[in-house]
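Examining the three-dimensional arrangement
Here's the letter readout for the chains.
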Amino acid sequence: RDDDDINDVASMAGINLNEESARILATNSDLVGAQIQSCKDEPFLAAIPLHKRILETAKKLGITDVPAEVVTFISHATQSRLRTVIEKVTVITQHRMESYKDDEWYEQATDVRAQLKFFEQLERLEKQRKDEQEREILLKAAKSRSRQEDPEQARLKQKAKEMQQQELAQMRQRDANLTALAAIGPRKKRKLDAPGLLTIGGEGVGVCGGSQAGLGTASPRQYPRQKITRVNLRDFIFYMEQERDMSHSLLLYRALLK
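Described in the following lines is the structure provided in the data block.

Each value, and the rule that gives it
Residues numbered from 1 in each chain as written. Predicted model: local features only at pLDDT ≥ 70, side-chain atom pairs only at ≥ 80, totals over all residues. Heavy atoms only, no water. 1 Å grid on protein atoms, 1.4 Å probe; cavity = no way out; pocket = protein on both sides within 12 Å on 5 of 7 lines; lining within 4 Å. Points joined across faces, edges and corners; volume = space filled by probe spheres on them. Helix = DSSP H or I, 4+ residues; strand = E, 2+ residues; numbered from the N terminus. Nonpolar A, V, L, I, M, F, W, Y, C, P; charged D, E, K, R; others polar. Expected span 1.5 Å × (residues − 1). Buried < 20%, exposed > 50% of the residue type's maximum accessible area, 1.4 Å probe, protein only. Arc of directions from axis to C-beta. Contact = heavy atoms within 4.5 Å. Core = buried A, V, L, I, M, F, W, Y, C linked by side-chain atoms within 4.5 Å. Salt bridge = Lys/Arg side-chain N within 4 Å of Asp/Glu carboxyl O.

**A word on the layout of surface pockets**
The computed volume of the largest pocket comes to approximately 380 Å³. Taken together, Glu98, Ser99, Tyr100, Lys101, Tyr106, Glu107, Gln108, Thr110, Asp111, Val112 and Arg113 make up the full set of residues lining the largest pocket. Space inside the second largest pocket adds up to approximately 150 Å³. If you go around the second largest pocket, the residues you meet are Asp131, Glu134, Arg135, Leu138, Lys159, Glu162, Met163, Gln166, Glu167 and Gln170. Looking at the lining of the second largest pocket, the elements with two or more residues in it are α6 (112-143) and α7 (151-184). No other element matches the six residues that α7 contributes to the lining of the second largest pocket. Residues of the lining of the second largest pocket, tallied by class, amount to two nonpolar, two polar and six charged.

The following block contains the structure:
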């Protein structure tokens with residue numbers, strides 16, 4: 001017995017095994033006698049139309065019977081495949097919407113939008129210069145008083161007369177618009193910090209006063225706007241181009257034609 005007491009490490013440490021066992025059973029008492037069962041297996045797709053579609057495909061291959069387990073398996077596989085596609089396309093869309101303008105580790109190399117605006121301005125100036133030249137030619141033709149006028153000269157005079165009438169009509173319309181705006185008066189801008197309005201993401205949202213918050217008192221709680229990820233056809237095309245089994249598919253060719 002003396003040897004047993006010496007070798008009993010738990011007794012030497014002052015640990016009562018019976019109390020520890022009772023404490024462990026008390027801790028997991030909610031699991032004792034509990035019955036655990038799996039959830040109901042609900043298919044992602046409608047079973048009856050999917051079974052008919054599988055049978056139509058199987059008959060072409062000489063298969064006449066398709067069990068229900070196959071239909072359930074294909075339904076779950078479709079759900080998993082669709083989830084994978086949505087996750088990948090969402091990542092592609094988030095990368096497309098990501099902006100690096102304010103990032104200190106990036107600097108702007110080219111600005112296509114500014115280049116397009118510059119070319120548009122050049123085209124506008126060129127068109128304005130041609131219009132001024134044409135206007136001078138028409139005015140010279142209208143002021144000419146030659147006795148023998150050819151048909152081209154008469155056509156230029158008629159065109160100059162129409163241009164002057166059009167300019168006169170535009171001036172009258174401009175004067176009428178200015179007169180109407182002066183009669184209406186200056187527009188009053190709506191105050192965004194007025195009582196009962198919350199500014200969320202730069203937009204004013206009305207708040208109805210309840211029993212707790214008094215009438216005309218804005219609630220201090222602001223709800224952040226939920227970020228919406230919009231996926232377009234270009235994202236799907238990029239995804240199909242990266243996938244090995246879809247990069248040469250007919251679906252990608254049809255998507256590129258749209």
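**Quick word on helix α4 (residues 47-60)**
For α4, which comprises 14 residues, the first-to-last C-alpha distance of 20 Å matches the rise-based estimate of 20 Å (1.5 Å per residue) to within 8%. Burial in α4 covers these residues: Leu50, Ile54 and Ala58. Axial view of α4: buried residues confined to an arc of 70 degrees, hence all on one face. Of the residues in α4, the exposed ones pointing more than 90 degrees away from the buried face are Ile48, Pro49, Lys52, Arg53, Glu56, Lys59 and Lys60. Buried residues in α4 make contact with α5 (68-97). One or two steps after α4, the chain reaches Gly62, where phi turns positive at roughly 85 degrees.

**As for the nonpolar core**
Among the nonpolar cores identified, the biggest contains nine residues, and these are Val85, Val89, Ile92, Ile237, Tyr239, Met240, Met246, Leu252 and Ala255. Counting only elements with at least two residues in this core, the list comes to α5, α8 (233-242) and α9 (250-257). Among residues more than four places away in sequence, those in contact with Val85 are Phe236 and Tyr239.

**Let's talk about the pattern of salt bridges**
Evaluated as defined, the whole model comprises seven salt bridges. The salt bridge involving Arg135 is made with Glu167; its shortest N-O contact spans 2.9 Å. Placement of Arg135 in helix α6 and of Glu167 in helix α7 is noted, with a sequence separation of 32 residues between them. Given a relative accessible area of 27%, Glu167 falls into the partly exposed group.

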